[in-house]
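# Understanding the architecture of this molecule
Chain by chain, the residues run as shown.
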Amino acid sequence: MMPNPLHASHYPDAALHQRVNIVENVRIAQATYRLRFACPELAARILPGQFLMLRLERNDPLIGRAFALYQTVLSETGEPWGIDVVYLVKGKFTRELVNCPPGQSLMVWGPLGNGFPADPIEHLVLVAGGIGQTPFLPLAAEFLGKRRYGQPARTVPPARRVSLCYGARTADLLAGVEDFQALGVELHLATDDGSRGHPGLVPDVLRPLLERPELPLRVVACGPEVMLQAVAKLTSTWGVSCQVSLETPMACGIGICFSCVTRVKDDRGDWDWKRTCVEGPVFDARRIAW
Amino acid sequence: MNQEHPAPPPPLAEVSLPVQLGRLSLPNPILVASGTFGYAREMQHLVALDRLGGILPKTVTRQPRPGNAPWRTAETAAGLLNAIGLDNDGIDAFIAHHLPYLCGLGPPVLVSIAGRNPPEFVEMAEQLDAQPGVAGLELNISCPNVTGGVDYGTSASACQQLVAAVRQRCQLPICVKLTPNVTRIADVARGACDGGADAISLINTVLGMAVDWRRRRPLLGNVVGGLSGPAIKPIALRCVYQVAQAVETPVIGIGGIATIDDVMEFLVAGATAVQIGTANYYDPTVTMRLLDALPGALREAGVSSVSELVGTLETSRG
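Rules used in this analysis
- For every chain, the first residue of the written sequence is number 1, and numbering continues from 1 along that sequence.
- For naming, the first written chain is A and the first written ligand is 1, with later ones following in the order written.
- Per-residue local features of the predicted model are confined to residues with pLDDT of at least 70, and side-chain atom pairs are confined, for both listing and counting, to 80 or more; whole-chain, interface and lining totals are unaffected and use all residues.
- Water and hydrogen atoms were dropped before computing side-chain values, which therefore reflect all heavy atoms in the structure.
- Under the DSSP-based scheme used, a helix requires at least four consecutive residues in state H or I and a strand at least two consecutive residues in state E, with every element numbered from the N terminus.
- With the radius of gyration taken over C-alpha atoms, the globule rule is written as 2.2 Å times the number of residues to the power 0.38.
- For every residue, the accessible area obtained with a 1.4 Å probe (protein chains only) is divided by the maximum for its type, and the residue is called buried under 20%, exposed over 50%, and partly exposed between those limits.
- Residue contacts are counted whenever heavy atoms from the two residues lie within 4.5 Å of one another.
- Areas reported here follow the Shrake-Rupley algorithm with a probe of radius 1.4 Å; residue values treat only the protein chains shown as occluding.
- This count recognises Lys and Arg as positive and Asp and Glu as negative, with His and chain-terminal groups excluded.
- Charge positions are represented by NZ for Lys, CZ for Arg, CG for Asp and CD for Glu.
- Between any two strands, at least two bridges found by DSSP are needed for them to pair.
- Comment: axis = line fitted to C-alpha atoms, over the contacting stretch for helices; angle = value between 0 and 180 degrees taken between N-to-C directions.
- Nonpolar core, defined: a set of buried Ala, Val, Leu, Ile, Met, Phe, Trp, Tyr and Cys residues in which side-chain atoms within 4.5 Å join the residues together.
- Start and end positions for the domains come from either an automated domain assignment or a database one.
- Buried area adds together the accessible area that both of two parts lose upon being put together, with accessible area traced by a 1.4 Å probe.
- A carboxyl oxygen of Asp or Glu within 4 Å of a side-chain nitrogen of Lys or Arg is what we treat as a salt bridge.
- Under this definition, polar contacts are N or O atom pairs within 3.5 Å; protein pairs additionally need one hydrogen-donor-capable and one acceptor-capable atom, and for neighbouring residues in sequence, both atoms have to be side-chain atoms.
- Expected span of a helix, by definition, is 1.5 Å for each gap between consecutive residues, and there is one gap fewer than residues.

### Topic: the overall build of chain B
Helix and strand content of chain B: nine helices and 16 strands. Taking 318 residues into account, the globule formula puts the C-alpha radius of gyration at 20 Å, and chain B, at 20 Å, falls close to it. Summarising its shape, the C-alpha atoms of chain B cover approximately 70 × 55 × 50 Å along the three principal directions. Looking at chain B residue by residue over its 318 residues, the buried ones come to 60%. A separation threshold of at least 6 residues defines the contact pool for chain B, and within that pool the share at least 24 residues apart is 71%. Roughly 12700 Å² of accessible area belongs to chain B as shown, and the carbon and sulfur atoms make up 52% of that amount. Distance between charge centroids for chain B: 9 Å, based on 22 positive and 27 negative side chains.

This is the structure we're talking about:
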């Protein structure tokens, strides 16, 4: 394979840098909020699994933060006009963001990253841990034939079945479950404390799907690294294709700072640090040198 | 007069943006700093690259370097710590893959190089001298994140010898990027000038660190790193002022520049040009806004060229 002469595969060639207005900033689960802002051009071109950078116009916190597309928002005539992201209040940025009311502006740049591939599959299995469910709603919508994304809109042959294996520490932290339900996604929930769904970890609810596959399936996972590793191992054991969406912290999101690196293997099995923002964030799990 | 078409405002006074850094001519004084703009290809869609006064791609080394283990950056109050560790594919890959693209963009390309010793600097300088389209070099003798990265930036005599060695074997204009992590930066700058530097780039990052006390761990994989962003602007301004007072060689100001006021402050303090660094990360189109605002700010300052403003700071110290 020829090396890519310019090093990375997913430069931000469709990205816009804009000031946008917050439309909604509402709580949807414990310490978890959905932020909606108006940005028709960005909403029209973003793909499931791509992300955007958000920044408040102040010097502290200074750096933008990466957020996955949770869903695009459509007008009555079906035109995308807004974007939803879902965030967990955890650090300096999100503690500020949670206090931003509708009408306040923030800076946004995106769409960024490669996004999830649209390769056809009969059974799409989404595996999420913690706040890792956030990139999956548009992918589910797309594979269930309910929504299309991109400019021009990409075509995804509908899957016969889309499942979500989703785990969190406790039931109150499970966010957006009803959004997946409304699409017709089959749910397999797990909580560490057993307060909802299977008492235990996400791989526990994924394993039966792999052991007794009824249809050809593909796994797509997002969440803490320990979970991703476990899912990568499990899928490898059962010979199932698996993609992981990494949550590596980023400083720029556009490939210029070289800080969001992850160990990625090449065809010979050697690894090098690769920028998650422009080589990912979605990788074939077999390429990650955990 | 037609009421719907009011008279146009009087034409704005022309202001001249080109600047001269020794043997190096730049179309305007707004450059992008090495290590904060990738290889420019990343920014092609967000920024009109042809408008920039100069492009400094990420520092290249003789051999490929994997860079440091994560985390490579940590945010601090109005600043960013980094310890990337000169992650790059080496000069041969740079010349083969990145340079042709960079040299086709229009603005002067200043290639930032970091050798482990003078022969490596000289060898890379010779290689780049043979490449058509390279406008100049920036010697990175101020990277705090690699072993020996500041060896030639903390001693005036070592700096002089290195610059002289490169100058002897390479025709390209040479900028020398200095570290602020020294007692008297003007001394090191004098060494660079005596060695034959065309310009002094000030400053590289300020050595710092960040700690997670709950986990009792440093936030950077490399433990310590270099601080950049608005937090270091006063340090950079002070360095630019001190060096501009001490030497005749033009100075390029770097350090926390993010607004047109920042640009103007550096010019007044003695910088002939500026490089925009960390602001590219958090405000990717910042250079375009600075270029839009520069002519108006120069008019406001009552000058008709950038060079007229450079070093016009008035102090009671004389």
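Next, the rest of the story.
### Some words on the side chain of Thr-249 of chain B
Residues and elements named next belong to chain B. Here Thr-249 is to be found in the loop between helix H5 (233-246) and strand S15 (251-254). In this structure Thr-249 comes out as buried when scored by relative accessible area, which is 14%. Beyond its immediate stretch of four places on either side in the chain, Thr-249 contacts Cys-193, Ala-197, Asp-198, Ala-199 and Ile-200.

### Digging into the sheet that holds strand S1 (residues 16-29) of chain A
All names here are of chain A. With antiparallel pairing, seven strands are arranged side by side in an open sheet as S4-S3-S7-S1-S2-S6-S5. Either end of the sheet is taken by a strand with one partner, and the two such strands are strand S4 (65-68) and strand S5 (71-74). Taking the axes of each pair of neighbouring strands and ignoring which way they run, one obtains an average angle of 40° across the sheet. Bridge count between strand S3 (residues 51-55) and S4: four bridges; the pairing is antiparallel. Considered in S4, the bridge of Leu-54 is made with Arg-65.

### Looking at the pairing of strand S6 (residues 79-82) of chain B
The side chains of a regular strand alternate between the sheet's two faces. Residue and element names in this part refer to chain B. The two faces of S6 match: Gly-79 and Leu-81 on one face and Leu-80 and Asn-82 on the other face are all buried. By the bridge criterion, four bridges tie strand S5 (residues 73-76) to S6 in an arrangement that is antiparallel. Opposite Ala-74, over in S6, you have Leu-81 as the bridge partner. Between S5 and S6, which pair antiparallel and follow one another directly, the connecting turn spans two residues, one of which, Ala-78, has a positive phi of 55°. Inspection of the sheet shows S6 paired to strand S14 (residues 224-228) by three bridges, in the antiparallel sense. In the sheet register, Asn-82 faces S14, and the bridge partner there is Gly-226.

### Here's the deal with the nonpolar core
The tendency in soluble globular proteins is for nonpolar side chains to be buried side by side. Core analysis: the biggest nonpolar cluster contains 125 residues, and Val-111, Ile-113, Leu-128, Leu-137, Leu-139 and Val-176 of chain B have the highest contact counts within it. Element by element, the count of residues in this core is highest for helix H8 (residues 286-300) of chain B, at seven residues. Counting contributing residues per domain, this core is built from domain 1 (8-112) and domain 2 (123-287) of chain A, each supplying no fewer than three. If we skip the residues at most four places from it in the chain, Leu-139 of chain B touches Ile-113, Phe-121, Leu-162, Val-163, Val-166, Ile-174, Cys-175, Val-176 and Lys-177 of chain B. Listed in part, the 34 residues of the second largest apolar core include Ala-29, Tyr-70, Ala-118 and Phe-180 of chain A.

### Here we look at the interface of chain A and chain B
Counting residues at the interface gives 35 residues for chain A and 40 residues for chain B. On the chain A side of the interface with chain B, the three residues burying the most area are Ile-256, Phe-258 and Trp-273 of chain A, jointly 21% of the side's total. In this structure, Asp-13 of chain A and Arg-41 of chain B form a salt bridge, with 2.6 Å as the shortest nitrogen-oxygen distance. At the boundary of chain A and chain B, one finds eleven residue pairs in polar contact (both at pLDDT 80 or more). Elements with a minimum of two residues in the side of chain A that touches chain B: S1 and strand S15 (271-275) of chain A. Considering every element that reaches the side of chain A that touches chain B, the biggest residue donor is S15 of chain A, with three residues.

### A few points about unusual backbone geometry
A negative phi angle is the norm for most residues apart from glycine, just as the trans form is the norm for most peptide bonds. Of note, the bond from Gly-110 of chain A into Pro-111 of chain A is cis; its omega dihedral lies within 30 degrees of zero at 0°. Following the sequence through the fold, Pro-111 of chain A ends up in strand S7 (residues 105-112). Cis geometry is found at the peptide bond from Pro-70 of chain B to Trp-71 of chain B, where omega equals -10°. Relative to the elements of secondary structure, Trp-71 of chain B occurs in the loop between strand S4 (54-55) and S5. Positive phi values are uncommon outside glycine, yet Ala-78 of chain B reaches one of about 55°. You can see Ala-78 of chain B is positioned in the loop between S5 and S6. According to the relative accessible area criterion, Ala-78 of chain B is buried, its value standing at 19%.

### Some details on the domain arrangement of chain A
Residue and element names in this part refer to chain A. According to the domain assignment, chain A consists of domain 1 (8-112) and domain 2 (123-287). For domain 1 and domain 2, the distance between their C-alpha centres works out to 20 Å. Contacts between domain 1 and domain 2 engage 32 residues on the former and 33 residues on the latter. Where domain 1 abuts domain 2, roughly 2700 Å² becomes buried across the two surfaces, and 60% of that area is made up of carbon and sulfur atoms. Our count for the contact surface shared by domain 1 and domain 2 stands at zero salt bridges. Viewed at the interface, domain 2 and domain 1 are joined by six residue pairs in polar contact (both at pLDDT 80 or more).

### Notes on the environment of Ala-210 of chain B
Residues and elements named next belong to chain B. One can find Ala-210 in the loop between strand S11 (206-209) and strand S12 (211-212). Sequence separation of Ala-210 and Glu-75 is 135 residues, and the distance between their C-alpha atoms is 8.6 Å. Those residues in contact with Ala-210 that sit more than four places away from it in its chain are Leu-81, Pro-218 and Leu-219.

### Overview of the sheet that holds strand S10 (residues 186-191) of chain A
All names here are of chain A. Spatially, the seven strands line up as an open sheet ordered S11-S10-S9-S8-S12-S13-S16, and their pairing is mixed. Two strands in the sheet have a free side with no partner beyond their single neighbour: strand S11 (198-199) and strand S16 (282-284). Seen against the sheet, helix H3 (residues 136-143) touches strand S8 (123-129), strand S9 (161-168) and strand S12 (217-222) and runs at an angle of roughly 170° to S8. Contacting S8, S9, S10, S11 and S12, helix H5 (residues 202-211) crosses the sheet at an angle of about 155° to S9.

### Digging into H5 of chain B
Residue and element names in this part refer to chain B. Across its 14 residues, H5 extends 20 Å between first and last C-alpha, which sits within 8% of the 20 Å expected from 1.5 Å per residue. All buried positions along H5 are accounted for by Lys-233, Ala-236, Leu-237, Cys-239, Val-240, Tyr-241 and Val-243. Residues of H5 that are buried sit in contact with helix H4 (185-195), strand S10 (199-202), S15, helix H6 (260-269) and strand S16 (271-276).

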